[in-house]
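Residue-level structural notes
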Number of protein chains: 2
Amino acid sequence: MSADALVAFEPRKTPIQARSTVTVEAISQATIQVLLSHGAERLTTTRVAERAGVSVGTLYQYYPNKQSLLFAVLEHHMNNVAATVEAACERACHKPLAEMIKEMVEAFVDAKMERADISVALYRVSADVGGPTLIKRISQRSRKAVEAMLQTVPDAKSSPDKFAIDIMLAAMAGAMRSLLEAGPTSSTVRKSREQLVLLCQSYMAAATARRG
Amino acid sequence: MSADALVAFEPRKTPIQARSTVTVEAISQATIQVLLSHGAERLTTTRVAERAGVSVGTLYQYYPNKQSLLFAVLEHHMNNVAATVEAACERACHKPLAEMIKEMVEAFVDAKMERADISVALYRVSADVGGPTLIKRISQRSRKAVEAMLQTVPDAKSSPDKFAIDIMLAAMAGAMRSLLEAGPTSSTVRKSREQLVLLCQSYMAAATARRG
DNA sequence: TCATTTGATGAAGGATTCTTCGGGTTTGGG
DNA sequence: CCCAAACCCGAAGAATCCTTCATCAAATGA
């Protein structure tokens, strides 16, 4: 899935009148609902249109194909998580390293858990919709946010390099995925949350020491 | 995908004569080759049979459906990686903690890289074939191996609990997935390998200290 | 050798889904 | 009020693909 292959998922037409704006939003919501109620396997364009209360033809006026439906939802979800992480990073600037990491990780976990059902459903379709490409693009945003945050640590040691941050984020996201796909209880979520914090804290501390 | 849903992927008939053993193996190999050359999207039972040099009917005599083809390949691949990790754990018993982790992580990374192309292709189909369920089952094997290894650390501190080990393995696997899907260069692989070691080492050290 | 079991064939049935397009409806400005 | 643009409709085209089953071939072993 090359980067420019994503153009095949871009909207076909932009809503102009208020009427169509509502329609597009309804289709987007219907996509999520069908995904949750019927599963990715049995998500059809007809079913989504039906659920949205419009006809298939209307759907195809705004989304060029079935994949673009899921792509839009995936993109929105990931942007949402990335924004949450970025916000946490800004809030945590100038605090001690351990606290920075804690806030960032907890923000991520909480954002994912907020919509755990959607997260799990999207894992399933991610691959068919340019997920990896999208991930590359969006995780860079998070990486930069974390990087900026780390450069404000009070203690003036040098901070970990880009590579280490990428590893940390990938590890965090990967562990979270495992957790979500296993169907976590509120107890395991709580424990995972703190363990994930510890994981990232100890790695960042180690990566910092190495270079400092 | 519940655990007992996996029965739908189990072989339909077991080869008895040598002739059919060859056939089944050919089909399995053909599945991988079609997966790599045509992609998961365009992997059809007919194409696999064609590639294997048999007819579709023959294919269906041993595999109950299309998914079972991919399931078999996925299962084989994961068993292979798990076995490699287990072997590394046994070799690393009684060594210092840091070295244990190093050998385990490196064994995992190397096993994945050995068949990087297959790994990436399987990530794509994993979800459609009971991947998460299979992962749960097989990652338990790795967890137990690591657990056993950790109980032989010379230094007599208490070792991390099951939960921490699960987190570590999930993080390791998740980071590796990110790496593979990004299409790594030999340089990034080398760096990732050592960073992943550091990640797991520092986490295990921290988790041990907490409880010790 | 011959009957029985095992293995292989591949055309065709059956089902599903994506996507288009010709035609009707609504909106909003002039 | 009127018209062009925006919007919506949904039956039908077109393309795939999965899976079966009746039939033929090969192997086994008694």
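Here is a short report on the structure shown in this document.

Cut-offs used in this document
- Residues numbered from 1 in each chain as written.
- Chains lettered and ligands numbered in written order.
- Predicted model: local features only at pLDDT ≥ 70, side-chain atom pairs only at ≥ 80, totals over all residues.
- Helix = DSSP H or I, 4+ residues; strand = E, 2+ residues; numbered from the N terminus.
- Expected span 1.5 Å × (residues − 1).
- Buried ≥ 20, exposed ≤ 12 C-beta atoms within 10 Å, placed from the backbone.
- Contact = placed C-beta atoms within 7 Å.
- Axes fitted to C-alpha atoms, helices over the stretch in contact; angles between N-to-C directions.
- Left-handed = near helix turned anticlockwise from the far one by under 90°.
- Nonpolar A, V, L, I, M, F, W, Y, C, P; charged D, E, K, R; others polar.
- Near = placed C-beta within 6 Å.

Considerations on helix H7 (residues 131-150) of chain B
Relative to the 28 Å expected for 20 residues at 1.5 Å per residue, H7 of chain B spans 28 Å between its end C-alpha atoms, a close match to the ideal helical length. All of the buried residues in H7 of chain B are Gly-131, Pro-132, Leu-134, Ser-139, Ser-142, Ala-145, Val-146, Met-149 and Leu-150 of chain B. In the core, the buried residues of H7 of chain B are packed alongside helix H8 (162-181) of chain A together with helix H4 (66-91), helix H5 (97-114), helix H6 (116-126) and helix H8 (162-181) of chain B.

What about the environment of Asp-128 of chain B?
Assignment of secondary structure puts Asp-128 of chain B in the loop between H6 and H7. A sequence separation of 78 residues divides Asp-128 of chain B from Glu-50 of chain B, and the C-alpha atoms of the two residues are 23 Å apart.

Notes on the packing of H5 of chain B against H8 of chain B
Residue and element names in this part refer to chain B. One can describe the packing of H5 onto H8 by two numbers: an axis separation of 11 Å at closest approach and a directional angle of 35°. In this structure, H5 meets H8 at a crossing whose hand is right-handed. Every residue of H8 that contacts H5 at Val-105, Phe-108, Val-109 and Lys-112 is listed here: Met-172, Met-176 and Leu-180. Along the lines of polarity and charge, the residues of the contact of H5 with H8 split into six nonpolar, no polar and one charged.

Describing the protein's contact with DNA strand C
Lining the immediate surroundings of DNA strand C are 25 residues, of which Thr-44 and Asn-65 of chain A together with Ser-20, Val-54 and Gly-57 of chain B lie closest. Counting only elements with at least two residues in the surface near DNA strand C, the list comes to helix H1 (18-38), helix H2 (45-52) and helix H3 (56-62) of chain A together with helix H1 (18-38) and helix H3 (56-62) of chain B. No other element matches H3 of chain B, which puts four residues into the surface near DNA strand C. Class assignment for the residues of the surface near DNA strand C results in seven nonpolar, 13 polar and five charged.

Thoughts on the interface of chain A and chain B
Listed as interface residues are 29 residues of chain A and, on the opposing side, 29 residues of chain B. The greatest single-element share of the side of chain A that touches chain B, amounting to twelve residues, is contributed by H8 of chain A. Tallied by class, the residues present in the side of chain A that touches chain B amount to 19 nonpolar, five polar and five charged.

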